[in-house]
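Single-letter residue listing:
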Amino acid sequence: MFAGFVLTVLQALGSVSGFVTDASNGEKLSYANVYLEDEPLGSATNEKGYYYIHNVPTGTYTIAFSYIGYETQTRTIEMQESENIQLNVELVPTSIAIEEVTVSAERVRFEKEVEVSHVTFLQREIQSVPGLFEKDLIKSLQLMPGIVTMHDLSNKLYVRGGSPDENLVLLDGITVYNPSAHLFGLFSTFNPDVVGDAQLYAGGFPAEFGNRLSSVLNITTKEGNSKRFAGETSLGLVTSKLMVEGPIPNGSFLISGRRTYFDALVWAYSKIWSDTVSLPYYFYDGIAKINYNPSPENRFTVAGLGGEDVMKFEIEDDYGPDEEIDFTWGNRGLSVRWRRVLSPSVYGEMLGAWSNFLTTLTYTDFHDPLSTFYFHEEIIDYTVKCDFNWFWGETHTVDFGIDGKALEIDYDVEVADENLFNSRDRVKILSGYFQDTWSVIPNIVHVRLGLRGLYYDVGDRFAFDPRIGVKYHVAANTALNLSCGRYTQYLMTSNSQESYFSIFDFWRPVDSTHNLPIAYHVICGIEQWFDKNTKCTIEPYYKKYYNLIMPEAEPEEGEFELTTPTESLATGSGYAMGIDFFFKKSIGRTFGWLSYSLGFTRRTVGDVTYAPRYDRRHNLNIVFGFGVPGWMPIFRRGLLSLRWYVATGLPYAEDLARYRVYTEYGDYTWQVIKGARDSYRLPLSHRLDAHFEKDIRLFGLAGSWYIDVMNVYNRKNVVFYTWDFDHDPPERNNVTLLPIPVPSIGLTLRF
Amino acid sequence: MNKRRRRIIMLCVIIFAGAVSLVCERSAVEIYDPQLNIYSVLHSDHASQSVIVDRTYRMDEPAGPVIDDALVILSSWSSVDTLTFDQGSDAYWTYNLILQPLTEYSLMVWRDGFDTLYARTTLPGPFTILYPEHFDTVTFSDTVVLTKSDHAAVYAVSFGDEFGMFFEPPDTSDSLMIIPLAEVFSGWSPGNFFCRLWVAACDSNFYRYYDEMNNDPDVTGIDGGVGLFGSLWIESVDMFVSMVDAGKSQSTHTEP
């Protein structure tokens, strides 16, 4: 009889589902709270802004939608037997510091998700961090714990002892193979004005993601304003940008572009002061997105990314053109996504994506055609993917999906029209995953179990990567996390990841003579919330690598690498371990965080174990921003943020001795004898950067201006050493990248 | 602030301070002991052979002149020569050694305060330039044809003033080595001229040293020191070059 009663009650239960968006622009609101007033029933929106509340008995209820920074809205619903009510809600923003919104979303995430080593960066946060000339997403992420850099201008992510080629970078589902290719590796491909949010998994990432050993950076661009036409234009020292967004019937669009004008500035300078200076280099990029919602259940999104760096110049002698260099490289991509609510509890997404990175270098010697050189490298990625999200009962959320990938990787090197080297790799990969997030004891113990399978057609290989995550809320504000998993990668790079300066990576599929590189992550941690805006995490981790494939030779200091897949490769293993500490607080316009990482990284090749160049023992970042008080002239009511960092010097091979290298003609040059590659460390690195911005009105438009100063107290951090052999004994020179405090200014206008 | 929060903060501070103090990085100090550095290439067409004896220097010590008081012994299975220092050339010389092809020569250098240096090289075997013959006229599209030398790692081609490109012998059983003159004359201006073409069969020590000279010389065949001890078998031919048939090259350089 009791069973019959329970069954009757369950059959009578209904559900409520829908999307929560921002009323001002139609953007999704992730991790908004949705709950029934006076009832112990509630949920939160997921990353897509979708919520689902199960088991709502028949009756009349008031349902509330709340999100910090927005007015709480309530609606009355009349739940009938076994009914699903679809309720899409738009929340109206109030004036509150965006940092608090971020912290609030993180708080909801803390309560609902089984995630470790995860940070979300919003566009506003990227903008408020000091930068060099241009705000940059990757540089902002470098302030997070566990992430180290090689030098002051490095724009690569070395995550917890992993090299940049171990990071999966996605932009709206498009795999980006060289995310830091602009300006010889100084800027990333992502225009920060259109980044909606960026989620970084520094380790222990869920089964949804795979094919990389270390981390995942998942970037979602803004949806585009579906309420009104709007735009933003920015003028900086080296780039100008324009972004326009607006509604279309049943949807929205966003289009943005930026271009550097170094070339024009240098050209103008050369006209004024001399006629010999030129900088024939520029880059441009653009991101566009269209959303179309034919019905509440269906949403189509088309997103595109394009950009190119161009360096082209001619050298002339007395007889006319002598040599010409034409060097271009860039990322392109396109994704088409169809998101459908299949039933109130099942949510699916299909994605088709194309990604391309193309490099060409042509050197023409008009006097000596035999010296003409042509280099071409291209990677094309075709991806088809289906993901499903199933709210299975009250305690389970099941994610599963499948994706197929076809890769085409080409290299050509020609000298004097003769082919020196070419390779054509065609690879197919099929992956699938299943993951269940189970609230074992609701609000106290959550477990996430996942399995990712991979078929790799080179050598017909299979890999199965189990993942497990546990979160135990020991108190309302304290949780313990544990995450373990196996990670497989089928791509490798033929250039060294230890180069100080490399423009881009040269990707290659792992061939049939090498085993697939794998890594095991073990991460445990504690997350403590002191109040609704203050959190602290401590995460010890251990990562073990097997079958790593890397160039045999140690890279030279100060050299840009342009390699081909003919480089000798070595296989090895390694490990990385350490502790990451993160403290973040936000009160009104005052915000800040402290991130500290203690890390040990080792690689073993043959009998030699060494610390790679990116092995930083200590890395401390402090970011502090506040609204300038009204009594301060000029700066009053502006926002000032400071960033200070200090880090252990990187390991390097010390030059121990020198000797004369004689030639047949009686002359000689000096050659140095190096010590072990990691026995010495560069001096401590530290630097202070400052950012100030203030809202203005100009030509009737709202906007802001900013000034950044990088390296405020003129610290000369050493990247490597060179020797001046004109002195005896030779003089050692420090190579630094920021010889002076570097200011940059910019202006942004919104319309 | 309640007790619990204080405890957590204290714990964090202790962990941080402990981590920093316990695992601060210190650079290891590598002690480097200077070694002997030599340069010697045995030339099959020279009547006398020389060895420069030098040493390595720590980066912080001033460099001195070459070493003039070392004991330098060049030997083979059939001969032992003690070389004498010549102030004019700053090198040790032997004047009465007749080099034998395909013979391993050993060099020993001893100097007080340094490890004794031992080096070996095997002189490549003789070969013959089949084409061009003496005083032939050649053009860009011609090739140099020679018989292969035993024990040669590569062949170097020069016109007397400097060694040009290295040409690796093809990995075939063919007994001939073919070198395209278009590659040898790459970058030369059109014109007619007379020159002497030198072809050297190089041992692997010589090749590795010069191939990597601008990077990190690959020191092979030497124990207890650095430098080069290599050997060359050299043949030459006088020829008349007619560059009107310039092949692919459209060079306008005025000087070779």
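Since we're looking at a predicted model, the values are computed, not measured.

Trainee: I'd like to hear about the overall build of chain B, residue by residue, with values.
Mentor: For chain B, the helix and strand inventory stands at 3 helices and 18 strands. Expressed as a percentage of its 256 residues, the buried residues of chain B come to 32%. Within chain B, contacts between residues at least 6 apart in sequence are counted, and of these 69% link residues at least 24 apart.

Trainee: Any details on the overall build of chain A? Residues and values, ideally.
Mentor: Counting its secondary structure elements, chain A contains 5 helices and 46 strands. For a compact globule of 751 residues, the expected C-alpha radius of gyration is about 27 Å, and chain A comes in at 27 Å, within 12% of that figure. Referenced to the eigenvectors of the C-alpha coordinate spread, the extents of chain A come out at roughly 105 × 65 × 45 Å. Long-range contacts, defined as pairs at least 24 residues apart, comprise 62% of the intrachain contacts of chain A with a sequence gap of at least 6.

Trainee: Please set out the sheet that holds strand 9 (residues 117-122) of chain B residue by residue, giving values where relevant.
Mentor: Residue and element names in this part refer to chain B. Taken in spatial order, the 5 strands make up an open sheet running 5-4-8-9-17, and their pairing is antiparallel. Where the open sheet ends on each side, the last strands, each with one partner, are strand 5 (80-82) and strand 17 (222-223). Of the pairings in the sheet, the one linking strand 9 to strand 17 comprises 2 bridges and is antiparallel in character. Each bridged residue has a counterpart across the sheet, and for Ala 119 the counterpart in strand 17 is Ile 222.

Trainee: I'd love a proper account of the domain arrangement of chain B, names of residues and values included.
Mentor: Where interface size is given, it is often the accessible area lost as the parts come together that is meant. All names here are of chain B. Annotation of chain B at the domain level lists domain 1 (36-124 + 203-232) and domain 2 (129-202 + 236-242). Domain 1 puts 10 residues into the contact, and the matching count from domain 2 is 10 residues. The set of elements that each furnish at least two residues to the side of domain 1 that touches domain 2 consists of helix 3 (204-211) and strand 18 (225-242). Top element by residues in the side of domain 1 that touches domain 2 is helix 3. It accounts for 4 residues. Of the residues that constitute the side of domain 1 that touches domain 2, the class distribution is 5 nonpolar, 3 polar and 2 charged.

Trainee: Which residues make up the nonpolar core, and what values do they have?
Mentor: In terms of nonpolar packing, the biggest core is built from 76 residues, with Leu 141 and Leu 200 of chain A touching the most fellow members. Beyond its immediate stretch of four places on either side in the chain, Leu 141 of chain A contacts Phe 121, Ile 147, Leu 157 and Leu 200 of chain A. Judged by nonpolar contacts, the second largest core, of 64 residues, contains Leu 97, Trp 198, Ala 201 and Leu 228 of chain B.

Trainee: Give a description of the domain arrangement of chain A that names residues and reports values.
Mentor: Residue and element names in this part refer to chain A. Segmenting chain A into domains produces domain 1 (2-96) and domain 2 (112-649). With 15 residues of domain 1 at the interface, the matching set in domain 2 holds 15 residues. Of all elements in the fold, only strand 1 (14-22), strand 4 (50-56) and strand 7 (84-86) reach the threshold of two or more residues within the side of domain 1 that touches domain 2. It is strand 4 that provides the largest number of residues to the side of domain 1 that touches domain 2, a total of 4 residues. In terms of residue class, the side of domain 1 that touches domain 2 is made up of 3 nonpolar, 10 polar and 2 charged.

Trainee: Can you break down the sheet that holds strand 3 (residues 57-58) of chain B residue by residue, with the values?
Mentor: Strand order in the open sheet formed by 3 strands is 40(A)-39(A)-3(B), and the pairing between neighbours is antiparallel. Strands at the two margins of the open sheet, each flanked by one partner only, are strand 40 (668-674) of chain A together with strand 3 of chain B.

Trainee: Let's hear about the environment of Arg 602 of chain A: which residues, and what values?
Mentor: Residue and element names in this part refer to chain A. Inspection of the secondary structure puts Arg 602 in strand 34 (residues 590-605). Among the residues examined, Arg 602 registers 18 C-beta atoms within 10 Å and is labelled partly exposed. Distance in space between the C-alpha atoms of Arg 602 and Asp 615 is 7.8 Å, their sequence separation being 13 residues.

Trainee: So what's going on with the confidence of the model for chain A? Residues and values would help.
Mentor: Low pLDDT marks regions whose predicted coordinates should not be analysed in detail. All names here are of chain A. On average, residues of chain A carry a pLDDT of 86, and 93% of them reach 70 or more. The lowest-confidence element of chain A is helix 1 (residues 2-12), averaging 46 in pLDDT; the highest-confidence one is strand 26 (residues 445-456), averaging 95. Across residues 1-11 the pLDDT falls below 50, and counting only partners more than four positions away or on other chains, this stretch makes 1 contact in the model.

Trainee: Describe the pairing of strand 45 (residues 731-736) of chain A, listing the residues and the values that go with them.
Mentor: Where a strand is regular, its side chains alternate between the two sheet faces. All names here are of chain A. The sheet contact formed by strand 44 (residues 718-724) and strand 45 spans 6 bridges and is antiparallel. Across the sheet, Phe 720 pairs through a bridge with Val 735, a residue of strand 45. Taking the residues between adjacent antiparallel strands as the criterion, strand 44 and strand 45 are bridged by 6 residues.

Trainee: Which residues make up unusual backbone geometry, and what are the values?
Mentor: Note on backbone geometry: most residues besides glycine have negative phi, and most peptide bonds are trans. Residue Pro 729 of chain A is bonded to the preceding Asp 728 of chain A through a cis peptide linkage, with omega at -5 degrees. Tracing the backbone through its elements, the reader meets Pro 729 of chain A in the loop between strand 44 and strand 45. A positive phi angle, close to 60 degrees, is found at Asn 250 of chain A, a residue other than glycine. A positive phi angle is found at Phe 135 of chain B, which is not glycine, with a value near 70 degrees. The residue Phe 135 of chain B is located in the loop between strand 10 (129-131) and strand 11 (136-138) in this model.

Trainee: Before we move on, could you go through the pairing of strand 12 (residues 167-171) of chain A and cite the residues and values that matter?
Mentor: Residue and element names in this part refer to chain A. Taking burial as the measure, the 5 residues of strand 12 include 5 buried ones, the bulk of the element. Along strand 12, one buried face is formed by Asn 167, Val 169 and Leu 171 and the opposite face, lined by Leu 168 and Leu 170, is buried too. In this structure, strand 12 lies alongside strand 15 (residues 215-221), joined through 5 bridges in parallel fashion. Along strand 15, the bridge assignment pairs Leu 170 with Asn 218. In the sheet, strand 12 pairs with strand 13 (residues 174-175) via 2 bridges, with the strands oriented antiparallel. What sits directly across from Leu 170, in strand 13, is Thr 175. Where strand 12 hands over to strand 13, the hairpin turn is made up of 2 residues, of which Asp 172 adopts a positive phi near 50 degrees.

Trainee: Can you explain the confidence of the model for chain B? Please cite residues and give values.
Mentor: Looking at chain B as a whole, its pLDDT mean stands at 82, while 82% of the residues score no less than 70. pLDDT under 50 marks residues 245-256 of chain B. Its contacts with residues more than four places away, or in other chains, come to 36 contacts.

Trainee: Please provide a residue-by-residue account of the environment of Leu 74 of chain B, values included.
Mentor: Residues and elements named next belong to chain B. Note that Leu 74 resides in strand 4 (residues 71-75). For the pair Leu 74 and Ile 38, spaced 36 residues apart in the sequence, the C-alpha separation amounts to 13 Å. Filtering out sequence-adjacent residues up to four positions away, Leu 74 remains in contact with Gln 49, Asp 81, Leu 83, Thr 94, Leu 97, Tyr 105 and Leu 107.

Trainee: An account of the environment of Glu 111 of chain A is requested, with residue identities and associated values reported.
Mentor: Positionally, Glu 111 of chain A belongs in helix 2 (residues 98-112). Between the C-alpha atom of Glu 111 of chain A and that of Ala 657 of chain A, which follows or precedes it by 546 residues, the distance is 59 Å.

The rules behind each value
Residues numbered from 1 in each chain as written. Chains lettered and ligands numbered in written order. Predicted model: local features only at pLDDT ≥ 70, side-chain atom pairs only at ≥ 80, totals over all residues. Helix = DSSP H or I, 4+ residues; strand = E, 2+ residues; numbered from the N terminus. Buried ≥ 20, exposed ≤ 12 C-beta atoms within 10 Å, placed from the backbone. Contact = placed C-beta atoms within 7 Å. Rg over C-alpha atoms; globule rule 2.2 N^0.38 Å. Pairing = 2+ DSSP bridges. Domains from an automatic or database assignment. Nonpolar A, V, L, I, M, F, W, Y, C, P; charged D, E, K, R; others polar. Core = buried A, V, L, I, M, F, W, Y, C linked by C-beta atoms within 7 Å. pLDDT = per-residue confidence, 0-100.

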